[in-house]
Amino acid sequence: MKIQSQRNIKANIVFLLALSLIICSLSGCSQNKTPVDKKKEISKSGFAFNTTYTITLYDGGSKKLLDDCIDKCTEFENVFSRTLKGSELFYINEIESCYLKAISSDSKVKEMWDAGKVKYNKKQINNITAKINKTISPQNDKKFVIKKNGNIEIKVSELISDIVEKGLFYSKLSDGAFDITIEPVSSLWNFSSDKPKVPDKDKIKSAVNYIDYNKVKIDGTRLTFMKPGMGLDFGGIAKGFIADRLKVYLTDNGVKSGMINLGGNILCIGKKSKEEDFNIGIQQPFGERNETVASVHANNNSIVSSGIYERYFKTKSGKIYHHILNPKTGYSYDNDLIAVTIISDKSVDGDGLSTTCFALGLKKGMELINRNDGVEAMFITSDEKLHYSEGFENFMQ
């Protein structure tokens, strides 16, 4: 692990960003003398996943292909969004919420759950199923089955199945420091509010009891929750997952060079040109949008950052609360880190690892990166020092 002062690096930075992590301007990205033919460049932006995204093609593709990608982003949002009413994930979480309400309204059933000895009879299953169907949204068409042992099995799409499998992988890898079942807590926090505030402590304490990735199972397109009241949140991996799917679609349709920027999650398709790599700037936490702490070159790589500066608010006392929540406490992580950047081949791995490593902290996060091939990381601590994994500097300008 190498450490360098952020203040010393600032003087050497020559690239500016318009977003938290974006490709540098074409005119100043490289010292390579080969000019870029801007006539070949086509780009389109949209809004989804609560962020502005941009897809740019440099070699191959067409405006029609970009339009198709915009449509796909909308389709992905309609599957993975936790807050969009009508999305598949919204309906899945709604069923779990209604299941908890159904149990709470039946004293005998609640006693079984409280005692940890659940064994439904057929009548109880029918009653609970009827209560859920009565309280869920009329548009909720998710099929579910209540088991005798209390488990609820929900029929899901292949997209949900694939992302749950990936999310459970990183939940296990981090031993729960990153947990896709964080939804009961994350739904209490609203970092996009005009007047954000800390949720009621009793609600947070109660919600933490419903977080446990070990109580979620995916088998094909059958998603099982082993406890009522749980929920899923793909905020830590969804953009990376989507970027990888878009890249496959673009390359399958002839794109040889391009850039997918999903709100700062950068995924490169090939190189910028035959002669030069893409150059990517990494934003300085809490700095202006055009301030960077480092720049890296990328050839078919993903660059993803997670940090407390992305979504946060300050209380009157000056305490910062941010969106990377600790599943064990329900509050923001406070571990001396302010940002983690991951370089990887797949964006879903960069997304999952950036959140996982932030949750694990500098020491354990760095150990995780250094014992895995094909990934590199840069950690920024609260003293403004940059900490590099063993091979990160090989990507630096």
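Quantities reported herein were computed from a predicted structural model and do not represent experimental measurements.

Reading the values: the criteria
- Residues numbered from 1 in each chain as written.
- Predicted model: local features only at pLDDT ≥ 70, side-chain atom pairs only at ≥ 80, totals over all residues.
- Heavy atoms only, no water.
- Pairing = 2+ DSSP bridges.
- Helix = DSSP H or I, 4+ residues; strand = E, 2+ residues; numbered from the N terminus.
- Axes fitted to C-alpha atoms, helices over the stretch in contact; angles between N-to-C directions.
- Contact = heavy atoms within 4.5 Å.
- Parallel < 35°, antiparallel > 145°, perpendicular 65-115°, else oblique.
- Left-handed = near helix turned anticlockwise from the far one by under 90°.
- Nonpolar A, V, L, I, M, F, W, Y, C, P; charged D, E, K, R; others polar.

Asker: Just to check I follow, could you spell out the sheet that holds strand E7 (residues 222–225) for this structure?
Answerer: The strands making up a sheet associate through hydrogen bonds between their backbones, and the pairing can be parallel or antiparallel. Here we have four strands laid out as an open sheet, ordered E4-E5-E7-E6, and antiparallel in their pairing. One side of each edge strand has no neighbouring strand; the edge strands of this open sheet are strand E4 (144–146) and strand E6 (216–219). Within this sheet the neighbouring strands show an average axis-to-axis angle of 20°, counted without direction. Here strand E5 (residues 152–155) runs beside E7; their pairing, made up of four bridges, is antiparallel. When the sheet's bridge partners are listed, Glu 153 is paired in E7 with Thr 224. Its contacts with the sheet put helix H3 (residues 88–104) on E4, E5 and E7, and the angle it makes with E5 is roughly 155°. Contacts from helix H6 (residues 158–173) reach E6 and E7 within the one sheet, and its direction differs from that of E6 by about 135°.

Asker: Which parts of the structure should I look at to understand the pairing of E6?
Answerer: Side chains on a regular strand alternate between the two faces of the sheet. One ladder, built from four bridges, connects E6 with E7; its direction is antiparallel. Bridge pairing in E7 places Val 216 opposite Phe 225. The hairpin turn running from E6 into E7, its antiparallel successor, is two residues long, and Gly 220 in that turn takes a positive phi close to 65°.

Asker: Help me understand the packing of helix H2 (residues 63–80) against H6 in this model?
Answerer: How two helices pack is summed up by the angle between their axes together with the distance between the axes. Where H2 contacts H6, the axes come no closer than 10 Å and their chain directions differ by 70°. In terms of orientation, H2 and H6 fall into the roughly perpendicular class. Like other packed secondary-structure pairs, H2 and H6 cross with a definite hand, here right-handed. Residues Phe 76, Val 79 and Phe 80 of H2 lie in contact with H6, whose contacting residues are Leu 159, Ile 160 and Ile 163. When its residues are assigned to classes, the contact of H2 with H6 shows six nonpolar, no polar and no charged.

Asker: I keep staring at the packing of H3 against helix H4 (residues 107–115) and nothing clicks. Help me out?
Answerer: Interhelical geometry of H3 versus H4 gives an angle of 110° and a closest axis separation of 7 Å. Relative to H4, H3 is oriented roughly perpendicular. Residues Tyr 99, Ile 103 and Ser 104 of H3 touch H4, and the partners they reach there are Val 109, Lys 110 and Trp 113. Class assignment for the residues of the contact of H3 with H4 results in four nonpolar, one polar and one charged.

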